[in-house]
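Secondary and tertiary structure notes
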Amino acid sequence: MLLAIDVGNTNTVLGVFQGAELVRHWRLTTDPRRTADEYGILTLALFRHAGLDPAQVSAVAISSVVPPLHSSLIGLSELYFSRQPLFVGPGTKSGMPILYDNPREVGADRIVNAVAAYEKHRTSLVIIDFGTATTHDCVSAQGEYLGGSITPGIQISMEALFQHASKLPRVDLQRPERVIGRNTIASMQSGLIFGYVELCDGLAERMARELMSMGNPKPKVIATGGLAALVAKESRLITEVDEFLTLEGLRLIHDRNA
């Protein structure tokens, strides 16, 4: 079995693969203060609850954008699974040319998503990942990672409103009945949900034009991440939500480096 771990700034997602099948997955809060022992005890408890045998884990693959956690993740892998983990990063064989000015600057999660999406669709792509930050990533029809954009995530935007506008409250992230809000909460929800949809669609539209100007076919727009389903319901361009895209990419990159 492969244990795949995707560490984001807000959430950490763990997945267990038996061959190509994702048999179990869990979502945890990312906490840079957690030790290897805390992660180990928590992970073993999740395995026991799912009826999985930790001794069957033959490899660990990790994508992380939180460097302070790397030593804890290495400890988790070595102490509790007796495996040297594969960290996706510079030098990792991804099977995808990275056409960034400095490939070392690209977040591991962005490469992992691009690898999984291209393996599945084999065409030009715009991949939107709704995390702490929202990233748009472009892949050519030839399977090259071209780059993209980074914007504040919808949760960050909501917190910024609450923190910096003294009269505005925290609100639930849910779709209001109409765009024209008739009270403060509905107005904020309108701006956060519909405004964010237009931001995402607008960027994807511009990227699609650039991709086609390079000779690519019209790209497929797919979404992943915790809030992908909420935004995709309102989007004109997102045609697919793939909740486990990053975990699948970790599996593929592990296989290419095995």
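For the structure, see preceding data.
Structural notes, computed from the coordinates. Bear in mind that the values here come from a model prediction, so they are computed numbers and not experimental data. (Residues numbered from 1 in each chain as written. Predicted model: local features only at pLDDT ≥ 70, side-chain atom pairs only at ≥ 80, totals over all residues. Heavy atoms only, no water.)

Let's talk about the pattern of salt bridges
Put simply, the test is: When a carboxyl oxygen of Asp or Glu lies within 4 Å of a side-chain nitrogen of Lys or Arg, that pair is called a salt bridge. Here a strand is any run of E in DSSP of at least two residues, a helix any run of H or I of at least four, and the numbering for each starts at the N terminus. The cut-offs for exposure are 20% and 50% of the maximum accessible area for each residue type, with area from a 1.4 Å probe on protein chains only; residues under the lower value are buried, those over the upper are exposed, and the others partly exposed.
Summed over the entire model, instances satisfying the criterion amount to 14 salt bridges. Salt-bridge contacts for Arg236 lead to Glu205; the nearest nitrogen and oxygen are separated by 3.6 Å. You can see Arg236 sitting in the loop between helix 6 (228–232) and strand 10 (240–241) and its partner Glu205 sitting in helix 5 (residues 184–213), a full 31 residues away along the chain. Overall, the relative accessible area of 47% leaves Arg236 in the partly exposed class. The partly exposed category is assigned to Glu205, whose relative accessible area is 33%. A salt bridge links Arg251 to Asp255; the nearest nitrogen and oxygen atoms lie 3.1 Å apart. With Arg251 and Asp255 both in helix 7 (residues 245–257) and 4 residues apart, this pair spans about one turn of that helix. With a relative accessible area of 11%, Arg251 lands in the buried category.

A closer look at the sheet that holds strand 6 (residues 125–130)
The following threshold applies: Each pair of strands is called paired provided DSSP finds at least two bridges between the two strands. Throughout, a contact is declared for two residues whenever any of their heavy atoms are within 4.5 Å. For every element, the axis is a line fit to its C-alpha atoms; helices are fit only across the contacting stretch, and the angle between N-to-C directions ranges from 0 to 180 degrees.
Taken together, the 5 strands give an open sheet; going across it, the order is 8-7-6-9-10, and neighbouring strands pair in mixed fashion. Of all strands in the sheet, those with a lone pairing partner are strand 8 (145–152) and strand 10, marking the two edges. Pairing analysis gives 7 bridges linking strand 7 (residues 133–139) to strand 8, with the strands arranged antiparallel. Opposite His136, over in strand 8, you have Ser149 as the bridge partner. Against the sheet, helix 3 (residues 108–121) engages strand 6, strand 7, strand 8, strand 9 (220–225) and strand 10, with an angle of about 135° to strand 6.

Thoughts on helix 5
Spelled out, the test is: For a helix, the expected span equals 1.5 Å multiplied by the residue count minus one. Residues adjacent in sequence count toward polar contacts only when both atoms are side-chain atoms; beyond that, a polar contact is any pair of N or O atoms within 3.5 Å, and within protein one must be able to donate a hydrogen and the other to accept it.
For helix 5, spanning 30 residues, the distance from its first C-alpha to its last is 42 Å, which sits close to the expected 44 Å at 1.5 Å a residue. One side-chain oxygen of the residue at the start of helix 5 lies 3.2 Å from the amide nitrogen of Ile185, identifying that residue as Asn183. Just past helix 5, the residue Gly215 takes up positive phi, approximately 100°.

A few points about the sheet that holds strand 2 (residues 11–18)
Here we have 5 strands laid out as an open sheet, ordered 3-2-1-4-5, and mixed in their pairing. In the strand order of this sheet, the two ends are held by strand 3 (21–29) and strand 5 (86–87), each with one partner. Seen against the sheet, helix 1 (residues 36–50) touches strand 1 (2–7), strand 2 and strand 3 and runs at an angle of roughly 135° to strand 3.

Let's talk about the packing of aromatic side chains
How we decide: Any two of the Phe, Tyr and Trp rings considered here, Trp counted by its six-membered ring, make a pair once their centres fall within 6.5 Å; the pair's planes then place it as stacked at under 30 degrees, edge-to-face at over 60, or tilted in between. Only lysine NZ and arginine CZ atoms are considered, and such an atom sits over a ring when it is within 6 Å of the ring centre and within 35 degrees of the ring normal.
By the definition in use, this model includes 4 aromatic pairs. Geometrically, the ring pair formed by Tyr100 and Tyr145 is tilted, given 6.2 Å between the ring centres and 50° between the ring planes. Here Tyr100 is found in the loop between strand 5 and helix 3, whereas its partner Tyr145 is found in strand 8, with 45 residues between them in sequence. Given the relative accessible area of 24%, Tyr100 is considered partly exposed. Tyr145 sits in the buried class, given a relative accessible area of 0%. Both rings, one in Phe130 and one in Tyr196, keep their centres 6.5 Å apart while their planes meet at 50°; by these two values the pair is tilted. Here Phe130, found in strand 6, pairs with Tyr196, found in helix 5; they are 66 residues apart in sequence, far enough to count as distant. The structure contains a cluster of three or more aromatic residues connected by ring pairs, namely Trp26, Phe47 and Phe81. It is Arg34 that lies over the ring of Tyr39; its NZ or CZ is 5.5 Å from the centre.

Here we look at the environment of Thr151
As for its placement among the helices and strands, Thr151 is situated in strand 8. Judged by its relative accessible area of 14%, Thr151 falls in the buried class. Separated by 49 residues in the primary sequence, Thr151 and Cys200 have C-alpha atoms spaced 9.3 Å apart. The contact partners of Thr151, leaving out residues within four places of it in the chain, are Ala133, Thr134, Tyr196, Leu199 and Leu203.

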